[in-house]
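Each chain is listed here by its residues.
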Amino acid sequence: IPGNIGELLKQVKESLQQYLVEKELTIDPLWFEGRDGLVEREYSQFLVTGGMYNEYHRTSPNLMAHLAHLEHDSGIQYLLDFMTANITTEKSILDYGCGIGSLGIRLKEAGYEQVSFADVPSPSTEFLEWRFDNHLTLFNLREDLPQPFDVVACYNLLEHVHDPWKVFGHME
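Computed from a predicted model, the values in this text were never measured in an experiment.

Colleague: Outline the packing of aromatic side chains, supporting the account with residue identities and numerical values.
Modeller: Using the criterion set out here, one finds four aromatic pairs in the structure. Both rings, one in Phe127 and one in Trp130, keep their centres 5.9 Å apart while their planes meet at 20°; by these two values the pair is stacked. Of this pair, Phe127 and Trp130 both sit in helix α7 (residues 123-131), three residues apart, roughly one helical turn. Judged by centre distance (5.5 Å) and plane angle (50°), the ring pair of Trp165 and Phe168 falls under tilted. With a gap of three residues between them, Trp165 and Phe168 both fall in helix α8 (residues 164-171), about one helical turn apart. Assessed through its relative accessible area of 69%, Trp165 is described here as exposed. On the basis of relative accessible area, Phe168 is assigned to the partly exposed category, the value being 34%.

Colleague: Please set out the nonpolar core residue by residue, giving values where relevant.
Modeller: Membership of the largest hydrophobic core comes to 19 residues, with the highest contact counts inside it found for Met83, Ile93, Leu103, Leu107, Phe117 and Leu128. Elements with a minimum of two residues in this core: α5 (74-86), α6 (102-109), β2 (115-119) and β4 (151-153). For this core, the leading source of residues is α5, giving four residues. The residues touching Met83, leaving out its near neighbours within four places in the chain, are Ile93, Leu103, Leu107, Tyr112, Val151 and Ala153. Counting ten residues, the second largest nonpolar core, distinct from the first, contains Ala118, Val120, Phe139 and Leu157.

Colleague: Got a sec to walk through the environment of Leu136? Specific residues and values, please.
Modeller: Among the secondary structure elements, Leu136 is positioned in the loop between α7 and β3 (138-140). Note: C-alpha distance between Leu136 and Ser116 (20 residues apart in sequence) is 7.0 Å. With near-sequence residues (within four places) excluded, Leu136 lies in contact with Phe117, Leu128 and Glu129.

Colleague: Please give an account of the pairing of strand β1 (residues 93-96) that cites residues and values.
Modeller: Neither face of β1 is open: one carries Ile93 and Asp95, the other Leu94 and Tyr96, and all of them are buried. Judged from the four bridges that link them, β1 and β2 form a sheet pairing that is parallel. Along β2, the bridge assignment pairs Ile93 with Val115. You can see the chain leave β1, run along α6 and come back into β2, and the turn it takes is right-handed. Sheet topology places β1 next to β4; three bridges connect them, and they run parallel. Among the inter-strand pairings, Ile93 is bridged to a residue of β4, identified as Val151.

Reading the values: the criteria
Residues numbered from 1 in each chain as written. Predicted model: local features only at pLDDT ≥ 70, side-chain atom pairs only at ≥ 80, totals over all residues. Heavy atoms only, no water. Phe/Tyr/Trp six-rings, centres within 6.5 Å; stacked < 30°, edge-to-face > 60°. Helix = DSSP H or I, 4+ residues; strand = E, 2+ residues; numbered from the N terminus. Buried < 20%, exposed > 50% of the residue type's maximum accessible area, 1.4 Å probe, protein only. Core = buried A, V, L, I, M, F, W, Y, C linked by side-chain atoms within 4.5 Å. Contact = heavy atoms within 4.5 Å. Pairing = 2+ DSSP bridges. Right-handed = clockwise from strand over helix to strand, strands pointing away.

Pasting the structure below:
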């Protein structure tokens, strides 16, 4: 992992480990190593026991460690570079399907002041609230979004939903 990105990943992993201790939660240590296939294996086991796809993302604490690895991958950097080159910092932005807040946090670090977050309540959004000490705007996607935004962005979301067009409709 390149220097600065590696340091950022280390910081979010340390933050997640501190959160887990405070909340008395446990995660399989393999998740912190970012090994390929862990999400697929756990998700497959979840389905075998009768779970639904969308329930997995709302209930798996292990998923937070996986998302910590995604927080500083090349895909999010590409999206961030595109947004900072094309969207001025005074625009209001919604990180839709935010999870642990990877995109929105990076946008705030880049100087965007009006960044809000939206997702369904989950262990990931609880971690996000903890990271901001509850000083953030977080909307529940099970409810209507109360305000218009200049930009609605999502990262690592559409490939996980059954009906992306329905998500686009909700974003409007």
